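Read off the chains here:
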Amino acid sequence: MEERRAAESNLRHLFEVCPVPLVLSDRVDGKVLRFNRSAQALLDPQRLYPDPGSAHASRFYAETQSRQAIRDALDARGEVGPVDVRMLTAHGANIHVMLAARSLRYDGKQAVLTSLVEITERKQRELALARQTQTDMLTGLYNRRGFFERAEPTLREARGDLPSLLLIDADHFKRVNDTHGHAVGDAVLLQLASRMSAALREGDVIGRIGGEEFAVFLPATHTRAATALAERMRELVARHALRIHGLRVPMTLSIGVTRLQPGENTLDAALRRADAAMYQAKQRGRNRVEVAAVSAP
C-alpha cells in the first residue's frame, strides 16, 4: 500500500510539473477534474476557474463539431489524435492546439486525459502563407487559384438554389497600357476591383483570374438577380471615368452571366458558358451584359 501511495504521489507530481498542458476531465459529464500548471497557464492564466470542478471541457472548444468528433473517436477507439483543433481560453481568446486524448480510469471513474500543444503561431503563419498563395498582389482580390479554391467547395455544398457566375473583362484595357503605361494600367485594375467589389453582397466571391479578366461567384442566385447585379457593376464603372495621377480614364466592362446547372460540381463548364456570353457582349459593342443561353430564366 505504501508503494502504491508513493507511485500515485509520483504520478500526481509528474502530472503537475509536465511541461505539456494536460487536462483530466470526467468522461461522462465533461467536468474538468484537474489542470496541470501548463494547462492552467494556457487555458486559464487568470484563474477564472480556481476550482477545476467549476470548469467544463466543452467550454474550451471553439467549434461544437470538433468536440463532437473527439467524443465520437473516444467512444469508438478510446483515443484520438494528434489533431489540429481551435480552442478558446477562459477569457474567450482563440488559440490553435495539437490535441491528443485517451480514455482511462481515475479514482474509479471514467475519465479522459487530454494533452495540448499550442500551435497558434504556426497556424497563423500557415494561414498567412495560404492567403499569399491565393491573393492577387495588385488588387487584393483572390487570384485564379484562390477563386477556385474558395468557390468550388461552396458549389459542392450548395443545396436548393444554384449559384451563378459572372465573367468580366475590362474593355480596351490594352489601349490604356499602350497610351498611359503600365503604372496607370495597374491603378486602373485596382480601382476597377474596388468599384466592382462595392456592388457585391456578403458571401459573393470575386477574383482576378487573368490580366484584365475577373470572375464573380454568386451563391444561391437566380439568373435574373445575377444579371441585375452585373448591370449594377457595369454602371458603377461606366458612369464615372477613373481619376488616376491627374488623368481621366474612362472604362467600361463586358460581362457574361451564367447559372450553374444541376449536377455541375466544378466551375469549368459554367466558366466556358460565361466566357462565350462575355465574348458576345464584346461583339455587340462592349459595355454590355449578356446571359448565356443555357441559363436563361
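From a predicted model like this one, the values you see are computed outputs, not experimental measurements.

**Thoughts on the overall build of the protein chain**
Assigned secondary structure in the protein chain consists of nine helices and twelve strands. Projecting the C-alpha coordinates of the protein chain onto the three principal axes gives extents of approximately 95 × 45 × 25 Å. Sorting the 297 residues of the protein chain into buried and exposed places 43% on the buried side. Put simply, of all contacts in the protein chain between residues at least 6 apart along the chain, 60% involve residues at least 24 apart. Split by element, the accessible area of the protein chain, about 16100 Å² in all, is 50% carbon and sulfur.

**Observations regarding the environment of Glu-157**
Among the structural elements, Glu-157 can be located in the loop between α5 (144-156) and β6 (164-170). Classification of Glu-157 by relative accessible area gives exposed; the value is 58%. The sequence separation of Glu-157 and Arg-284 amounts to 127 residues, and the corresponding C-alpha distance is 36 Å.

**Comments concerning the nonpolar core**
Counting residues in hydrophobic clusters, the biggest one holds 32 residues, and the most contacted among them are Leu-166 and Val-188. Counting residues per element, the ones that place at least two in this core are β6, α6 (173-180), α7 (182-198), β8 (213-218), α8 (223-238), β9 (242-244) and β11 (253-259). Judged by nonpolar contacts, the second largest core, of 23 residues, contains Val-32, Tyr-49, Tyr-61 and Val-80.

**Let's talk about the packing of α6 against α7**
Close contact between α6 and α7 brings their axes to 7 Å; oriented N to C, the two are set at 140°. Here α6 lies oblique to α7, going by the angle between them. Counting all contacts with α6, which are made through Phe-173, Val-176, Asn-177 and His-180, the residues of α7 involved are His-182, Val-184, Gly-185, Val-188 and Leu-189. Looking at the contact of α6 with α7, its residues break down into five nonpolar, four polar and no charged.

About the thresholds
Residues numbered from 1 in each chain as written. Predicted model: local features only at pLDDT ≥ 70, side-chain atom pairs only at ≥ 80, totals over all residues. Heavy atoms only, no water. Helix = DSSP H or I, 4+ residues; strand = E, 2+ residues; numbered from the N terminus. Buried < 20%, exposed > 50% of the residue type's maximum accessible area, 1.4 Å probe, protein only. Contact = heavy atoms within 4.5 Å. Areas by Shrake-Rupley, 256 points an atom, 1.4 Å probe, with all protein chains shown as cover. Core = buried A, V, L, I, M, F, W, Y, C linked by side-chain atoms within 4.5 Å. Axes fitted to C-alpha atoms, helices over the stretch in contact; angles between N-to-C directions. Parallel < 35°, antiparallel > 145°, perpendicular 65-115°, else oblique. Nonpolar A, V, L, I, M, F, W, Y, C, P; charged D, E, K, R; others polar.

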